[in-house]
Amino acid sequence: MISLSRLVKTYQTRDGQVTAVDHIDLKINEGEIFGIIGYSGAGKSTLIRLLNMLEEPTSGDVTIAGKNMNQLSKKKLREARQEIGMIFQHFNLLWSRTVKDNISFPLEIKGVPKEERDQRVNELIRLVGLEGRGGSYPSQLSGGQKQRVGIARALANNPKVLLCDEATSALDPKTTDSILELLVDINKKLGLTIVLITHEMHVIRKICHRVAVMEQGKIVEQGDVLEVFKRPKEEMTKEFVKQVTEPEETEEALQHLLQENNIGHVLQLTFVGGDAEKPLITNIIRRFEVTVNILQGKISQTQNGPYGSLFISLEGDAVEVQKVLDYIRDQQVEVEVIHGE
Amino acid sequence: MSNIVLTQTWFFPNVDWSTLWNATQETLYMTAISLALTFIFGIILGLLLFLTDKGNLWENKVIQAVVAAYVNIFRSIPFIILIVLLIPVTAFIVGSFLGPSAALPALVIGASPFYARMVEIGLREIDKGVIEAAKSMGATNTQIIFKVLLPESLPALISGLTVTAIALVSYTAMAGVIGAGGLGHLAYSHGFQRGRDDVTLMATLVVLVIVFILQFAGDRLTNKIDKR
Ligand SMILES: Nc1ncnc2c1ncn2[C@@H]1O[C@H](COP(=O)(O)OP(=O)(O)OP(=O)(O)O)[C@@H](O)[C@H]1O
Ligand SMILES: [Mg+2]
């Protein structure tokens, strides 16, 4: 659906050249929700804006739905843009227009007749759950509602692709979840391809099928969300994965425990996919001569199944502990001894 | 002569009410026509200033420099001097440099740059993200101007127009002194030069009423359309 090849964007600034996007190759499939995650300044916004040519690439190609975006004439580019919806961190609604007129805006641009516009706007208002608010002005809406208007507007011309630039970063966690659910819903209902950029792994975990990790203009790692969660290769990816798999205070709590005497072995178990539901701990206690203490744990849902990690301490003699480790590995659960030999 | 007697009143003994009414009409005429033309030219100039600036839709250094120079020069010339400078131009366009219509070219040329700067400031206040959103939907530049830039800056355009209208009332008074008629002419030649203070005072009061009404109407309208 979307394919980027050798894509480069450099900016000339007073302090010299900044390479915001550095030779990126990427393929995004039809109907998937593709997440791009990275810290501030990684070049995510630049990358997503290159997709609909809000930025012109310095070199390289962007192909969307078979069209080579960087070679289109101005007119053809405008037509192509009508098939690519975009939503923004700060919503970018027209304050001078009501909700209805905001949603109607892209239809006016396309030249859709009034009657058809009204009908389509009503459908969209229902789709995003804003019934009864059509006559309000953006200033009368909450952030979550504004983003719903943004989504409805982006979907007005039945686009094939939806680009989301930090669409939930200005929202509180609960509102974020409701917007994310709406995106999943739209993805399923309309078979829309969604590209979203974020700095929150939480967002990736909740709705993305695949993810790419971006650092200094390059994609350093990519793959199925579960796969990346299971075996993050890059240091950066590991940090992001931690955001969702470990409760915030884990590190601190563990440090504290490790200072105690007789803590024994501390293991970190990582569950991926269906494994999370197995009664692993029960089996360990029944089968081996060890005592088990659960220290910390967190299981989260992803689009492809559950994912989580569990910290336990084991007390027992070395031979038994080794048997436990072998047993856990046999169960296809990743295990790492983080304390005690 | 009987007419004058009839229309004179004891508390403004020298004020001739029908002359005052004529002068008021002339002032209103000059203000209204010049305001309408200033609105059009000011918006065009303001849009040019904004659109040709760096990073905008029609980025163009040359046009930007030319328009900015024009605006700055004509905004800096004191109005009274501008009228005098423009006498040949006026005589050519209007065919005379006396009377209310003769004041129009100078009024418009003097006020348009003033309003253009206010238009430009209003346009700059528009969130860049909104323009970007319109681009991302495939809008043409014309659509962006008429569907985004002008509607989104409308409160600023209207409040700027109010300020300009008030400035124009005072410009008409100056123009009046050198032959355009209106309340300025009345206050100066009928009042000041003949030592009739009550005429000057009355003309001033009418100007004040016009200014208050303009300000009130402008503020009401600005508040009404501002949905931010
Ligand atoms: N118009 C521009 N001119 C010069 N440099 C720019 C421009 N836009 C972006 N950059 C630079 O490109 C780099 C990437 O910026 P970008 O906005 O894409 O980052 P980001 O990953 O979206 O960050 P954030 O999470 O903070 O939004 C930064 O170093 C930034 O300074
Ligand atoms: Mg960004």
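Keep in mind the model is a prediction, meaning the values are calculated, not measured.

Parameters at a glance
Think of each chain on its own: its residues are numbered from 1, step by step along the sequence as written. As they are written, the chains are lettered A onward and the ligands numbered 1 onward, keeping that order. With the structure being a predicted model, the display of local features is reserved for residues of pLDDT at least 70 and the display and counting of side-chain atom pairs for 80 or more, all residues being used for whole-chain, interface and lining totals. Hydrogens and water are ignored here; the side-chain numbers use all heavy atoms of the structure. To qualify as a helix, a DSSP run of H or I must reach at least 4 residues; to qualify as a strand, a run of E must reach at least 2; elements of each kind are numbered from the N terminus. Here's how the labels work: a residue is buried when its accessible area is under 20% of the maximum for its type, exposed when over 50%, partly exposed in between, all with a 1.4 Å probe on protein chains only. Should any heavy atoms of two residues lie within 4.5 Å, those residues are counted as being in contact. All accessible-area figures derive from a Shrake-Rupley calculation using a 1.4 Å probe, and residue coverage is judged against the displayed protein chains alone. For this analysis, a nonpolar core means a set of buried residues of the types Ala, Val, Leu, Ile, Met, Phe, Trp, Tyr and Cys, connected via side-chain atoms within 4.5 Å. Here a residue counts as near a molecule or strand whenever at least one of its heavy atoms sits within 4 Å of it. Identification of polar contacts relies on pairs of N or O atoms within 3.5 Å, with a donor-acceptor requirement for protein atoms, meaning one able to donate a hydrogen and the other able to accept it, and with residues adjacent in sequence counted only if both atoms are side-chain atoms. Residue polarity is assigned by list, with Asp, Glu, Lys and Arg as charged and Ala, Val, Leu, Ile, Met, Phe, Trp, Tyr, Cys and Pro as nonpolar; anything else, Gly included, falls into the polar class. Two parts placed together each lose some accessible area under a 1.4 Å probe, and adding up what both lose gives the buried area. A carboxyl oxygen of Asp or Glu within 4 Å of a side-chain nitrogen of Lys or Arg is what we treat as a salt bridge. Two strands are counted as paired when DSSP detects at least two bridges linking them. Note on geometry: axes are lines fitted to C-alpha atoms, helical ones only across the stretch in contact, with angles between N-to-C directions running from 0 to 180 degrees. Each angle gets one of four labels, with under 35 degrees taken as roughly parallel, over 145 as roughly antiparallel, 65 to 115 as roughly perpendicular, and the rest as oblique. Here is the rule for handedness: rotate from the far helix to the near one, and if that takes an anticlockwise turn smaller than a right angle the crossing is left-handed, while a clockwise turn gives right-handed. Only rings of Phe, Tyr and Trp enter the pairing, Trp through its six-membered ring, and a pair is recorded when the two centres are within 6.5 Å. The plane angle decides the type: under 30 degrees is stacked, over 60 is edge-to-face, the rest tilted. An automatic or database domain assignment is the source of the domain bounds shown.

Here we take up the overall build of chain A. If you tally the helices and strands in chain A, you get twelve helices and 14 strands. Principal-axis analysis of the C-alpha atoms gives chain A an extent of 80 × 50 × 35 Å. Across the 341 residues of chain A, 53% fall into the buried class. Counted over contacts in chain A with a minimum sequence separation of 6, partners at least 24 positions apart contribute 70%. Accessible area for chain A stands at about 16,000 Å²; split by element, carbon and sulfur atoms hold 44% of it.

Bringing the nonpolar core into the picture now. The nonpolar side chains of a soluble globular protein tend to be buried with one another. Formed by 70 residues in total, the largest nonpolar core has its most connected members in Leu 4 and Leu 51 of chain A together with Leu 149 of chain B. The element that contributes the greatest number of residues to this core is helix H6 (residues 100–124) of chain B, accounting for eight residues. Sequence-distant contacts of Leu 4 of chain A, defined by excluding residues within four places in its chain, comprise Ile 24, Asp 25, Leu 26, Leu 47, Leu 51, Asp 61 and Val 62 of chain A. Counting residues in each nonpolar core, the second largest holds 51 residues, with Ile 87, Leu 141, Leu 171 and Ile 186 of chain A among its members.

Before going further, it helps to examine the site of ligand 1. Residues and elements named next belong to chain A. Every one of the 13 residues lining ligand 1 counts as a neighbour, but Ser 40, Gly 41, Lys 44, Ser 45 and Thr 46 are closest to it. A distance of 3.2 Å separates an oxygen atom of ligand 1 from a polar atom in the backbone of Ala 42. One nitrogen or oxygen atom from the side chain of Thr 46 is found 2.5 Å from an oxygen atom belonging to ligand 1. Look at ligand 1: alone it shows 630 Å² of surface, and the protein chains cover 60% of it. When residues of the shell around ligand 1 are traced back to their parent elements, those giving at least two are strand S1 (2–13), strand S2 (16–28) and helix H1 (44–51). Among the elements that take part in the shell around ligand 1, H1 stands out by supplying three residues, more than any other. Of the residues in the shell around ligand 1, the class split is five nonpolar, six polar and two charged.

Take the interface of chain A and chain B next. The accessible area lost on association of the parts is a frequent measure of interface size. On the chain B side, the residues contacting the 22 residues of chain A number 22 residues. For the chain A and chain B pair, buried surface summed over both sides reaches about 2,000 Å², with 61% attributable to carbon and sulfur atoms. At the junction of chain A with chain B, the criterion picks out two salt bridges. Across the salt bridge formed by Lys 147 of chain B and Glu 108 of chain A, the nearest N and O atoms sit 2.7 Å from each other. Among the elements of the structure, helix H2 (74–81), strand S6 (84–88) and helix H3 (99–110) of chain A are those that each provide at least two residues to the side of chain A that touches chain B. With four residues, the top contributor of residues to the side of chain A that touches chain B is H3 of chain A. Partitioned by chemical class, the residues of the side of chain A that touches chain B number eleven nonpolar, five polar and six charged.

Attention shifts here to the sheet that holds strand S8 (residues 193–198) of chain A. Residues and elements named next belong to chain A. Across the sheet, six strands lie side by side as S6-S7-S8-S3-S9-S10; this open sheet has mixed pairing. On the outer flanks of this sheet lie S6 and strand S10 (218–224), each paired with one strand and no other. This sheet shows a mean twist of 15° between the axes of neighbouring strands, independent of strand direction. Against the sheet, helix H5 (residues 143–155) contacts S6 and strand S7 (161–165), and its axis sits at roughly 165° relative to S6.

Residue and element names in this part refer to chain B. Two elements in contact, helix H8 (residues 141–152) and helix H9 (residues 154–180), have axes separated by 5 Å at closest approach and are oriented at 55°. It follows from the interaxial angle that H8 and H9 lie oblique. Contact residues: H8 offers Leu 150, Pro 151 and Glu 152, while H9 offers Leu 154, Pro 155 and Leu 157. Residues of the contact of H8 with H9, tallied by class, amount to five nonpolar, no polar and one charged.

Below, the discussion takes up the packing of H5 of chain A against helix H6 (residues 173–190) of chain A. Residue and element names in this part refer to chain A. Running from amino to carboxyl end, H5 crosses H6 at an angle of 20°, the nearest separation of the two axes being 10 Å. One way to sum up the angle between H5 and H6 is to call them roughly parallel. Of the two elements, H5 crosses H6, and the hand of that crossing is right-handed. Where H5 abuts H6, its residues Gly 144, Gln 147, Arg 148, Ile 151 and Leu 155 lie against Thr 175, Ser 178, Ile 179, Leu 182, Leu 183, Ile 186 and Leu 190. Residue classes in the contact of H5 with H6 are distributed as seven nonpolar, four polar and one charged.

Residue and element names in this part refer to chain A. As for its position among the elements, Gln 147 is in helix H5. One polar contact links the side chain of Gln 147 to the main-chain carbonyl oxygen of Phe 88, over a distance of 2.8 Å. Excluding residues that lie within four positions of it along the chain, Gln 147 makes contacts with Ile 87, Phe 88, Gln 89, Phe 91, Ala 167, Leu 171 and Ile 179.

Let us look at the packing of aromatic side chains. Residues and elements named next belong to chain A. Scanning the model with the defined rule gives six aromatic pairs over all chains in all. Centre to centre, the rings of Phe 288 and Tyr 327 are 5.6 Å apart; their planes meet at 55°, and the pair counts as tilted. Of this pair, Phe 288 sits in the loop between helix H11 (280–287) and strand S12 (291–302) while Tyr 327 is found in helix H12 (residues 318–330), placing the two residues 39 residues apart along the sequence. Taken individually, Phe 288 and Tyr 327 each receive the classification buried, so the pair is uniform in this respect.

Residue and element names in this part refer to chain A. In terms of domains, chain A is made up of domain 1 (2–241) and domain 2 (246–339). Each of domain 1 and domain 2 has a C-alpha centre, and the two are 38 Å apart. Listed as interface residues are eleven residues of domain 1 and, on the opposing side, eleven residues of domain 2. Roughly 1,000 Å² of surface becomes buried between domain 1 and domain 2 when both sides are summed, with 57% attributable to carbon and sulfur atoms. Run the count over domain 1 and domain 2 and you get zero salt bridges. At the junction of domain 1 and domain 2, the tally comes to zero residue pairs in polar contact (both at pLDDT 80 or more). Of all the secondary-structure elements, those providing two or more residues to the side of domain 1 that touches domain 2 are helix H7 (201–207) and helix H8 (225–230).

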